[in-house]
Amino acid sequence: SQKIEQNSEALNIQEGKTATLTCNYTNYSPAYLQWYRQDPGRGPVFLLLIRENEKEKRKERLKVTFDTTLKQSLFHITASQPADSATYLCALHTGTASKLTFGTGTRLQVTL
Amino acid sequence: NAGVMQNPRHLVRRRGQEARLRCSPMKGHSHVYWYRQLPEEGLKFMVYLQKENIIDESGMPKERFSAEFPKEGPSILRIQQVVRGDSAAYFCASSYQGVSAYEQYFGPGTRLTVT
């Protein structure tokens, strides 16, 4: 069956360190993969999109990698800040489908 | 430029009543998606609409749920004869191009509570 797995346990890191979140998928062949941030009581906010033929994408302190052989994406936040504390969702979009399929998200807590 | 707007933000309905959720996409966006999020669960796709057309409703329950996106006005997600299991947060998203790689912009959600 198709699955998108994100670490369900919260990730706690110290301010200034790099946070790395993992998204693994099975039985999908995604053309694109997206990462969103969701704060409690709010809708998800788009962060980054990476295509299947791209290995890495960066935006300010954010970096996403996409390994279609390992069927995995890694999401990095460098120099993390308490304001980065939120739940981060990965989502797959297959080229012929019109919808995004989301993982359950990983909660990140950045402490001083 | 206003973002995606949803109303109401909170909706309480008794079992058997109808719930009507509204979504106005971002200006210039003609593609609308509805998702449902249950507590401690991920976002689940429900339906994808363009103006006056349902493109993909593969995530919609077969009964009691319907959606529309008329030529004028907001998109509406309608739930008839609500049951307790319908209690969830319902999010609407819009995009500039539908079947594409473009990001989706989400609204703040409507939290439906069925008593």
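In case you missed it, the structure is sitting above this.
In short, a report on the structure.

Here the focus is the sheet that holds strand S7 (residues 65–68) of chain B. Residues and elements named next belong to chain B. With respect to topology, four strands assemble into an open sheet ordered S1-S3-S8-S7, the strand pairing being antiparallel. Of all strands in the sheet, those bounded by a partner on one side alone are strand S1 (5–7) and S7. Averaged over neighbouring strand pairs, the angle between their axes works out to 15° when direction is ignored. Bridge analysis of S7 against strand S8 (residues 75–79) gives four bridges, and the strand direction is antiparallel. The residue bridging Ala-67 from the neighbouring strand is Leu-77, located in S8.

Here we take up the interface of chain B and chain A. Counting residues at the interface gives 22 residues for chain B, matched by 21 residues for chain A. Both sides of the chain B and chain A interface together cover about 1,600 Å² of buried area, and 57% of this is carbon and sulfur. At the junction of chain B with chain A, the criterion picks out zero salt bridges. Remark: the boundary between chain B and chain A carries four residue pairs in polar contact (both at pLDDT 80 or more).

Rules and cut-offs
Residues numbered from 1 in each chain as written. Chains lettered and ligands numbered in written order. Predicted model: local features only at pLDDT ≥ 70, side-chain atom pairs only at ≥ 80, totals over all residues. Heavy atoms only, no water. Pairing = 2+ DSSP bridges. Helix = DSSP H or I, 4+ residues; strand = E, 2+ residues; numbered from the N terminus. Axes fitted to C-alpha atoms, helices over the stretch in contact; angles between N-to-C directions. Contact = heavy atoms within 4.5 Å. Buried area = accessible area lost by both parts, 1.4 Å probe. Salt bridge = Lys/Arg side-chain N within 4 Å of Asp/Glu carboxyl O. Polar contact = N/O pair within 3.5 Å; in protein donor to acceptor, adjacent residues only side chain to side chain.

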